[in-house]
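Breakdown of the fold
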Amino acid sequence: RRMLALGALGLAVGLSGCAAHVTRKDFESEVARIRDEMQTGDQRLATRIDSTNARLDSLENALQALRSEYNVSIERVKGQMKFDMPVHFDFGSADLRETDRPVLDRFASVVKDYYPAAAITVEGFADPAGSRAFNLRLGERRAESVASYLQSSGALGDARIKTVSYGEATNRQVVAGAQGPGDEGMQN
């Protein structure tokens, strides 16, 4: 029994010697250090939030300018942004008009600044004058004209811009059946 009691006493004394002794000063110092770290982290987070909010405000202003200055409609579709921009072509032509370049310049600027990794699809259309095959090719040439302009003037890389033609597809016409020559079919 005596050996057992001495062993237990030795174990208790040994364990108490292993326990760290923390002074109140050390404890308060460690708590102050942790508080400083948390405050620094909070300040960094607040700065990032402010920066993100400023960027979102700037993006909203840029999108609003596209809407109001160029009559662009913008909508979210399945996690993507759809920009419906009024770029028109003369009857039977795929040549980009000077009057349509500013909206493309503004669009390219918004994409470069806020959507640098975006994949862009340019859709081409034609009014119903002419054959379906002709209008499909014309729509493709028009889409390629816009894509080419965005790539050269807007500095948006080749790999990010695709083109597609809908030709005279009736479900895509702005004014059903309207056709040129003349201004009447320009919307289509």
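See the structure printed just above.
Each value, and the rule that gives it
Residues numbered from 1 in each chain as written. Predicted model: local features only at pLDDT ≥ 70, side-chain atom pairs only at ≥ 80, totals over all residues. Heavy atoms only, no water. Salt bridge = Lys/Arg side-chain N within 4 Å of Asp/Glu carboxyl O. Helix = DSSP H or I, 4+ residues; strand = E, 2+ residues; numbered from the N terminus. Buried < 20%, exposed > 50% of the residue type's maximum accessible area, 1.4 Å probe, protein only. Expected span 1.5 Å × (residues − 1). Arc of directions from axis to C-beta. Contact = heavy atoms within 4.5 Å. Axes fitted to C-alpha atoms, helices over the stretch in contact; angles between N-to-C directions. Parallel < 35°, antiparallel > 145°, perpendicular 65-115°, else oblique. Left-handed = near helix turned anticlockwise from the far one by under 90°. Nonpolar A, V, L, I, M, F, W, Y, C, P; charged D, E, K, R; others polar. Core = buried A, V, L, I, M, F, W, Y, C linked by side-chain atoms within 4.5 Å.

For the structure on display, the rule yields 7 salt bridges. The closest approach of N and O atoms between Arg33 and Glu37, which form a salt bridge, is 2.2 Å. Here Glu37 and Arg33 lie together in helix H2 (residues 24–70), a separation of 4 residues that amounts to about one turn. Looking at Arg33, the relative accessible area reads 37%, which means it is partly exposed.

Attention shifts here to helix H3 (residues 101–114). Owing to its 3.6 residues per turn, the α-helix aligns residues three or four sequence positions apart on the same side. With 14 residues, H3 should cover 20 Å at 1.5 Å per step; its first-to-last C-alpha distance of 20 Å lies within 8% of that length. When H3 is considered as a whole, its buried residues turn out to be Val103, Leu104, Phe107, Ala108, Val110, Val111 and Tyr114. When H3 is viewed along its axis, its buried side chains cluster within an angular range of 160 degrees and face the same direction. Those residues of H3 that are buried lie in contact with H2, strand E2 (80–84), strand E3 (120–125) and helix H4 (132–152).

For the pair H2 and H3, interaxial distance at closest approach is 11 Å and the crossing angle is 165 degrees. With respect to H3, the axis of H2 lies roughly antiparallel. The interaxial crossing formed by H2 with H3 has left-handed handedness. Along its contact with H2, which presents Arg55, Ser58, Leu59, Ala62, Leu63, Ala65, Leu66, Glu69 and Tyr70, the element H3 presents Pro102, Val103, Arg106, Phe107, Val110, Asp113 and Tyr114. Of the residues that constitute the contact of H2 with H3, the class distribution is 11 nonpolar, 1 polar and 4 charged.

So, about the nonpolar core. Ranked by size, the top nonpolar core spans 26 residues in total, and within it Leu104, Val122, Val146 and Leu150 carry the most contacts. Of the residues forming this core, the biggest block, 7 residues, is contributed by H3. If we ignore the near neighbours within four places in the chain, the residues touching Leu104 are Met85, Val87, Leu96, Val146, Tyr149 and Leu150.

The subject of this paragraph is H2. Here H2 is 47 residues long and its end C-alpha atoms lie 68 Å apart, about the 69 Å a rise of 1.5 Å per residue gives. Along H2, the positions that sit buried rather than exposed are Leu59, Ala62, Leu63, Ala65 and Leu66. Close packing links the buried residues of H2 with strand E1 (73–77), E2 and H3. Note on H2: the residue one or two positions beyond its end, Asn71, has a positive phi of about 55 degrees.

Across the interface, H3 lies against H4 with an axial gap of 10 Å and an inter-helix angle of 55 degrees. It follows that H3 is oblique to H4 by the angle criterion. Crossing hand, H3 versus H4: right-handed. Residues Arg101, Leu104, Asp105, Phe107 and Ala108 of H3 lie in contact with H4, whose contacting residues are Val146, Tyr149 and Leu150. Class assignment for the residues of the contact of H3 with H4 results in 6 nonpolar, no polar and 2 charged.

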